[in-house]
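# Structural overview for review
If you want the building blocks of each chain, they are given just below.
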Number of protein chains: 2
Amino acid sequence: MSLLIRNATIVTMNPNRDVIKGDILIEGQYIKKIIRRGNKRLLPIHYTKIIDATDKIVLPGFIQTHTHLCQTLFRNIAEDVKLLDWLQKYIWPSEASHSRDSIYYSALLGCAELIKGGTTTILDMGTVHYTDSIFEAVRESGLRGFIGKVMMDKKSKNIPDELQDTTANSIAESIKLYEKWHNKEDGRIKYAFAPRFVLSCSEALLKGIRDFAIENDLIIHSHSSENRSELALVMKKTGCRNLEYFDKLGLTGKNLVLAHCIWLDKNEIEILKRTKTNVTHCPSSNLKLGSGIANIPEMLRQKINVGLGADGAPCNNNLSMFMEMRLSGLIQKPFYGPQAISSQQVLEMATINGAKALGVSDELGCIEEGKTADIIILDTNQAQTTPFVMNNIYSSIIYSMNSENVETVIIDGKIVMEDGELKMINEKEIIKKSKKYASKIWKNVW
Amino acid sequence: MSLLIRNATIVTMNPNRDVIKGDILIEGQYIKKIIRRGNKRLLPIHYTKIIDATDKIVLPGFIQTHTHLCQTLFRNIAEDVKLLDWLQKYIWPSEASHSRDSIYYSALLGCAELIKGGTTTILDMGTVHYTDSIFEAVRESGLRGFIGKVMMDKKSKNIPDELQDTTANSIAESIKLYEKWHNKEDGRIKYAFAPRFVLSCSEALLKGIRDFAIENDLIIHSHSSENRSELALVMKKTGCRNLEYFDKLGLTGKNLVLAHCIWLDKNEIEILKRTKTNVTHCPSSNLKLGSGIANIPEMLRQKINVGLGADGAPCNNNLSMFMEMRLSGLIQKPFYGPQAISSQQVLEMATINGAKALGVSDELGCIEEGKTADIIILDTNQAQTTPFVMNNIYSSIIYSMNSENVETVIIDGKIVMEDGELKMINEKEIIKKSKKYASKIWKNVW
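Residues numbered from 1 in each chain as written. Chains lettered and ligands numbered in written order. Predicted model: local features only at pLDDT ≥ 70, side-chain atom pairs only at ≥ 80, totals over all residues.

### Comments concerning the overall build of chain A
Helix and strand counts for chain A come out as 16 helices and 18 strands. Against the globule reference of 22 Å for 446 residues, chain A gives a C-alpha radius of gyration of 21 Å, in line with a compact fold. Each of the three principal axes of chain A carries a C-alpha extent, and together these read 65 × 45 × 45 Å. Going through the 446 residues of chain A one by one, you find that 62% of them count as buried. Across chain A, the fraction of contacts at a sequence separation of at least 24, relative to all contacts at a separation of at least 6, is 74%. (Helix = DSSP H or I, 4+ residues; strand = E, 2+ residues; numbered from the N terminus. Rg over C-alpha atoms; globule rule 2.2 N^0.38 Å. Buried ≥ 20, exposed ≤ 12 C-beta atoms within 10 Å, placed from the backbone. Contact = placed C-beta atoms within 7 Å.)

Now the structure itself:
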């Protein structure tokens, strides 16, 4: 299969941040050639398909480094509540009532929304059971996924029986899933360890996965410093703050991706910087749960790598990267001024920084010859994006566009959405089945 | 013309805030009957059209009480700058370079986007010239508009010549426009005085329109307390704060609608409350320009009437009521907790509060028999709104929906959008012309 995208405006996100007018030739999984407009270099005569991208913007696909596909069916279920209530009264009981099929549709529904919004890669945290269902849904949808079974081995009366796990089982099952799924589908599917957060995990569990993850170069995906009550409990139980604890156990480093990181002190910022630990900023979720606003401008000044994520549907209530980009830019400005974060920095968080967090920036996150073809095509000819201003191309993308502008999505060289229509999965059928399984879950929560 | 909307879930926003399953019969401009499901009351046999609203949400159309249609062509033009720079370096030079035609297309483009996003009524502030073009565009589009020529008679070297106006001319032209346009199109088009803000207006101008506006029950639409530098200048020039100044001149009251109201002290909150002055909250714009975050929860506790507005495209960069609703809810939560504003309160701001601000809550802002038929139909069967949770209907609307969910828009009993297609105006043509006129304006600014 070879695919030619013609007459595009390509926002490459390459090291020079070049914006190029021209064509992209995709062969198999890879970006074979980028031909600048006016360049006479001959194109191959045969390609399977041509896409005319006149008046369109071509971007690397968005990379969300914190999602919970297993929670998509819990969308709109838990409103205007605080984090720990939200978790204990709604999310854990809902996760506990999942079946193999319900979690499969929850994940498929999430994949459908993500792809329609231009997201091509996710770092996803599952629940205790049925992680296979998430892998299967992601595989079928065409999305690229780093996925892990959630690890939580601390006993608590607030945790439903179905989610109680032992240290040994949690580690054993995670490694079994790694063996089954890691690097499947030509590397489109990968395993990532997912210890829930400090309060859910024993020291034995965290140490138990540390060496395995580092030796096999696997991502460790967790939550940290989301909420002041959480921080207080962490300090009470461990005697130190979240980042200090991760650091003490030897988990910090380039393989660790921590969602939220709102309540950090100066020393923790230093730990992030020194160890090259990655942060995922989730602005919608952080606002919705009243958690706070992470100081992202300071992290970026300190050259800490920050990606973006929608988190789960029940604390957002969407999975749109456009919303997270817009909010990332907007929410800092009342505190640090209109130049707090540039639009280019926001788009970096949504693309290349995500690839760095996942250790795949040599393959993904920008459009360059030889890179893997995860590419999205955005239509500028809609009322809400007119006029689209090339002089302010980054702002025009992050502040005026939304999921409606996403026309075509290519992952691993394959077209997974075209003209708004999903090609690998049946959206209508997924919506229908999702409604059925959601109502079963509601019965267990209300 | 009679129109039957069948099998709907009707979020009425009536005084009881009833959510009704049933049918709505529209005859001419009015909501003739609301028939609850299971009620055997016979329907008339003949209607021009039936819309099946199974799995759909029917709402009163959104009312935006602060927009600038003349600025839609300046979308994406002025990024990451402070309010006064934004105004003086970009917006005023752009307004100054408008022609009769460019402002007409700017307004039409805004109308297209607004209707597609479910907005049915706006309170709009024009520029110094060509206000007729805005009236014409709104009239053609089918939108309901309260529109006014901007009034600014204070000389300043920062203001382009084209925008310099005299007190006498500003008042005379405003009254002429009132006489020409007020209550046209069966009352769908109304005049509203639009003094820009305290710093732009002489005392003579403000006093000059006060009695005329009150005698003729006209809205006075202005900006206030948006920014700390503005407040400092107002205090320097008038010796008092914005609301104190408006109050001293006798402009406060139910006819006054003030956008922003971020930097208010306790006494100004008291003035708003005592005089029943209306506030328009514009969260995207306030964040984008780094202005601050208005204390809306406190205003609502004080029973001050607060509506919502997208402001102009160059400080948003969209005109979507869904975005303003979502942000209104989200941005208060990190400061005042997840219950800071309920989702129902947010939807009230977007509908019935807007109608109150414009003095038309006996006709608009809720779905009741006898009210004017400004109604929108929202599809729930999309990935980003699945599952749609009836138990949390207000949250499901404001946090999971967006403009993509708007399927049909009815204004004054007429279908102005159906299945996403505008019926009164040609969207493609508007986009094409808008691009042409925008590029002419850019030449004058860059």
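### Quick look at the relation of the copies chain A and chain B
Both copies of the chain are tied together by a single rotation about an axis and a shift running along it. At an RMSD of 0.0 Å, chain A and chain B line up after a rotation of 180° and a shift of 0.0 Å along the axis. The transformation relating the two chain copies, once decomposed into turn and shift, fits a two-fold axis. Considering only C-alpha atoms, the residue of chain A closest to the rotation axis is E404 of chain A, which sits at 3.5 Å. Here 100% of the interface residues in chain A have copies in chain B that are interface residues too; the copies meet face to matching face. (Least-squares fit on C-alpha atoms with pLDDT ≥ 70 in both.)

### Some thoughts on the domain arrangement of chain A
Interface size is commonly expressed as the accessible surface area that is lost when the partners come together. All names here are of chain A. Domain boundaries assigned for chain A yield domain 1 (2-60 + 367-422) and domain 2 (62-357). Relative placement of domain 1 and domain 2: their C-alpha centres are 29 Å apart. Counting residues at the interface gives 22 residues for domain 1 and 24 residues for domain 2. Of all the secondary-structure elements, those providing two or more residues to the side of domain 1 that touches domain 2 are α15 (393-400), β16 (406-411) and β17 (414-418). When residues of the side of domain 1 that touches domain 2 are assigned to their parent elements, the largest contribution, five residues, is made by α15. The residue makeup of the side of domain 1 that touches domain 2, split by class, is 14 nonpolar, four polar and four charged. (Domains from an automatic or database assignment. Nonpolar A, V, L, I, M, F, W, Y, C, P; charged D, E, K, R; others polar.)

### Concerning the pairing of strand β15 (residues 375-379) of chain A
Residue and element names in this part refer to chain A. In terms of burial, β15 is largely enclosed, as four of its five residues are buried. Relative to β16, β15 runs antiparallel, the two sharing four bridges. Counterpart to L378 in the pairing with β16 is V406. (Pairing = 2+ DSSP bridges.)

### Brief notes about the interface of chain A and chain B
Contacts between the two partners involve 50 residues from chain A, matched on the other side by 50 residues from chain B. Counting only elements with at least two residues in the side of chain A that touches chain B, the list comes to α2 (100-116), α9 (283-288), α12 (333-336), α15 and α16 (427-445) of chain A. Per element, the largest residue contribution to the side of chain A that touches chain B is five residues, and it comes from α16 of chain A. Across the side of chain A that touches chain B, the residue classes break down as 19 nonpolar, 20 polar and 11 charged.

### Brief notes about the environment of L327 of chain B
All names here are of chain B. On the secondary structure map, L327 appears in helix α11 (residues 321-330). Overall, the presence of 26 C-beta atoms within 10 Å leaves L327 in the buried class. Counting along the chain gives 229 residues from L327 to H98, while the straight-line C-alpha distance between them is 31 Å. Ignoring any residue separated from it by four or fewer positions in sequence, one finds L327 in contact with P283 and S284.

### Section: helix α2 (residues 100-116) of chain B
Residue and element names in this part refer to chain B. Taking 1.5 Å as the rise per residue, α2 with 17 residues should run 24 Å; its terminal C-alpha atoms sit 25 Å apart, in good agreement. Of all the 17 residues making up α2, 15 are buried; the element is thus mostly covered by neighbouring parts of the structure. Among the residues trailing α2, G118 stands out with phi positive, at a value near 90°. (Expected span 1.5 Å × (residues − 1).)

### Things to note about the packing of helix α13 (residues 343-350) of chain B against helix α15 (residues 393-400) of chain B
Residue and element names in this part refer to chain B. Axis separation between α13 and α15 bottoms out at 8 Å; the angle between their running directions is 65°. Regarding α13 and α15, the two cross each other, and that crossing is left-handed. Two secondary-structure elements touch here, α13 through S343, Q344, V346 and L347 and α15 through Y394, S395, I397 and I398. A breakdown of the residues in the contact of α13 with α15 according to their chemical character gives five nonpolar, three polar and no charged. (Axes fitted to C-alpha atoms, helices over the stretch in contact; angles between N-to-C directions. Left-handed = near helix turned anticlockwise from the far one by under 90°.)

### Notes on the nonpolar core
Formed by 150 residues in total, the largest nonpolar core has its most connected members in I24, V58 and A107 of chain A. Looking at which element gives the most residues to this core, the answer is α2 of chain A, with 10 residues. In contact with A107 of chain A, not counting residues within four places along its chain, are L69, C70, T72, S133, I134, A137 and V138 of chain A. Judged by nonpolar contacts, the second largest core, of 149 residues, contains L25, L87, V257 and I296 of chain B. (Core = buried A, V, L, I, M, F, W, Y, C linked by C-beta atoms within 7 Å.)

### Overview of the packing of helix α4 (residues 167-181) of chain A against helix α5 (residues 203-215) of chain A
Residues and elements named next belong to chain A. Axis separation between α4 and α5 bottoms out at 9 Å; the angle between their running directions is 25°. As judged from the angle between their axes, α4 and α5 are roughly parallel. Seen from above, α4 lies across α5 with right-handed handedness. Between α4 and α5, the contacting residues are T167, S170, I171, S174 and I175 on the first element and A204, L205, G208, I209 and F212 on the second. When its residues are assigned to classes, the contact of α4 with α5 shows six nonpolar, four polar and no charged. (Parallel < 35°, antiparallel > 145°, perpendicular 65-115°, else oblique.)

### Concerning unusual backbone geometry
In this chain, N316 of chain A is followed by N317 of chain A through a cis amide linkage whose omega measures 5°. Put simply, T386 of chain A and P387 of chain A share a cis peptide bond, and its omega is -10°. Relative to the assigned elements, P387 of chain A resides in the loop between β15 and α15. Notably, S225 of chain B is not glycine yet its phi reads approximately 60°, a positive angle. You can see S225 of chain B is positioned in the loop between β11 (219-224) and α6 (228-238).

### Here's the deal with the environment of K154 of chain B
Residue and element names in this part refer to chain B. Assignment of secondary structure puts K154 in the loop between β9 (150-151) and α4 (167-181). Expressed as a C-alpha distance, the spacing of K154 and S202, which sit 48 residues apart in the sequence, is 6.1 Å. If we skip the residues at most four places from it in the chain, K154 touches L199, S200, C201 and S202.

### Quick notes on α11 of chain B
Here α11 of chain B lies mainly inside the structure; 10 of its 10 residues are buried. Buried within α11 of chain B are the following residues: M321, F322, M323, E324, M325, R326, L327, S328, G329 and L330 of chain B.

### Things to note about the pairing of strand β3 (residues 30-36) of chain A
All names here are of chain A. Where strand β2 (residues 19-27) lies against β3, six bridges are found, and the strand directions are antiparallel. Along β3, the bridge assignment pairs L25 with K33. Connecting β2 to the antiparallel partner β3 that follows it, the hairpin turn spans two residues, and G28 within it adopts a positive phi of roughly 60°.

### A closer look at the environment of K443 of chain B
Position of K443 of chain B among the secondary structure elements: in helix α16 (residues 427-445). Separated by 349 residues in the primary sequence, K443 of chain B and S94 of chain B have C-alpha atoms spaced 9.5 Å apart.

### Regarding the confidence of the model for chain A
The predicted model of chain A has a mean per-residue pLDDT of 96, with 99% of residues at 70 or higher. Prediction confidence for the complex, expressed as pTM and ipTM, is 0.98 and 0.97 respectively. (pLDDT = per-residue confidence, 0-100.)

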